[in-house]
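The residues making up each chain are set out below.
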Amino acid sequence: KIPSIPVSRRTPEDRQKDVDNIMSWMRNGKPSDLDTPNNEFTIIDQMLPKKKQTPQDRAKDIESVMHWMRTHNVPPVKEEDVPAEFQKVPSTPVSRRSPE
């Protein structure tokens, strides 16, 4: 049996509409009322590394993550869903060594 490849159910027009919605959300200061019901835009935006890029590129990156998550049935993780052990990592004191 040949393994199947996941196929997107979303059309290119649907994906462009997502990019447009993300751009609108970003232009309006990222308010929660313009986000998805699960705050996916905010969650994904916070997960992605900050880098020098245009807002359009950032919106495409967010949409690409959303598309991947939908294709692989991965729900966005909310901060309150993260186990307490992972929320705060204790630091270990380190002494600075002199060049001597």
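All of these numbers come straight from a predicted model, not from anything done at the bench. (Residues numbered from 1 in each chain as written. Predicted model: local features only at pLDDT ≥ 70, side-chain atom pairs only at ≥ 80, totals over all residues. Heavy atoms only, no water.)

Draft legend 1. Region of the structure containing the packing of helix α2 (residues 40-47) against helix α3 (residues 55-71). Axis separation between α2 and α3 bottoms out at 10 Å; the angle between their running directions is 110°. Judged on the interaxial angle alone, α3 and α2 are roughly perpendicular. On the side of α2, the interface is formed by Glu40, Phe41, Ile44 and Asp45, while α3 contributes Arg58, Ile62, Val65, Met66, Met69 and Arg70. Split into classes, the residues belonging to the contact of α2 with α3 amount to 6 nonpolar, no polar and 4 charged. (Axes fitted to C-alpha atoms, helices over the stretch in contact; angles between N-to-C directions. Helix = DSSP H or I, 4+ residues; strand = E, 2+ residues; numbered from the N terminus. Parallel < 35°, antiparallel > 145°, perpendicular 65-115°, else oblique. Contact = heavy atoms within 4.5 Å. Nonpolar A, V, L, I, M, F, W, Y, C, P; charged D, E, K, R; others polar.)

Draft legend 2. Representation of the packing of helix α1 (residues 12-27) against α3 in the model. Taken N-terminus to C-terminus, the directions of α1 and α3 make an angle of 130°; their axes are 9 Å apart at the nearest point. Considered as vectors, α1 and α3 are oriented oblique to each other. Helix-helix and strand crossings are classified by hand; for α1 and α3 the assignment is right-handed. Across the interface between the two elements, Arg15, Asp18, Val19, Ile22, Met23, Trp25 and Met26 of α1 pack against Pro55, Gln56, Arg58, Ala59, Lys60, Ile62, Glu63, Ser64, Met66, His67 and Arg70 of α3. A class-by-class count of the residues in the contact of α1 with α3 yields 9 nonpolar, 3 polar and 6 charged. (Left-handed = near helix turned anticlockwise from the far one by under 90°.)

Draft legend 3. Up close: unusual backbone geometry. If you check the backbone angles, Lys30 has positive phi at about 60° while not being a glycine. Within the element layout of this structure, Lys30 appears in the loop between α1 and α2. Judged by its relative accessible area of 40%, Lys30 is partly exposed. The phi dihedral of Asn73 falls on the positive side, at around 50°, and the residue is not glycine. Looking at the element boundaries, Asn73 is found in the loop between α3 and α4 (84-87). (Buried < 20%, exposed > 50% of the residue type's maximum accessible area, 1.4 Å probe, protein only.)

Draft legend 4. Looking closely at α1. Its 16 residues place the ends of α1 22 Å apart at the C-alpha level, agreeing with the 22 Å of an ideal helix rising 1.5 Å per residue. The complete set of buried residues in α1 reads Asp18, Val19, Ile22, Met23, Trp25 and Met26. Projected down its long axis, α1 shows its buried positions confined to an angular sector of 160°, all on one face. In this structure, α1 carries Glu13, Lys17 and Arg27 as exposed residues pointing more than 90 degrees from its buried face. Looking at the buried residues of α1, the elements they touch are α2 and α3. (Expected span 1.5 Å × (residues − 1). Arc of directions from axis to C-beta.)

Draft legend 5. Layout of the nonpolar core. Listed in full, the 12 residues of the largest apolar core are Val19, Ile22, Met23, Trp25, Met26, Phe41, Ile44, Leu48, Ala59, Ile62, Met66 and Met69. The element contributing the most residues to this core is α1, with 5 residues. (Core = buried A, V, L, I, M, F, W, Y, C linked by side-chain atoms within 4.5 Å.)

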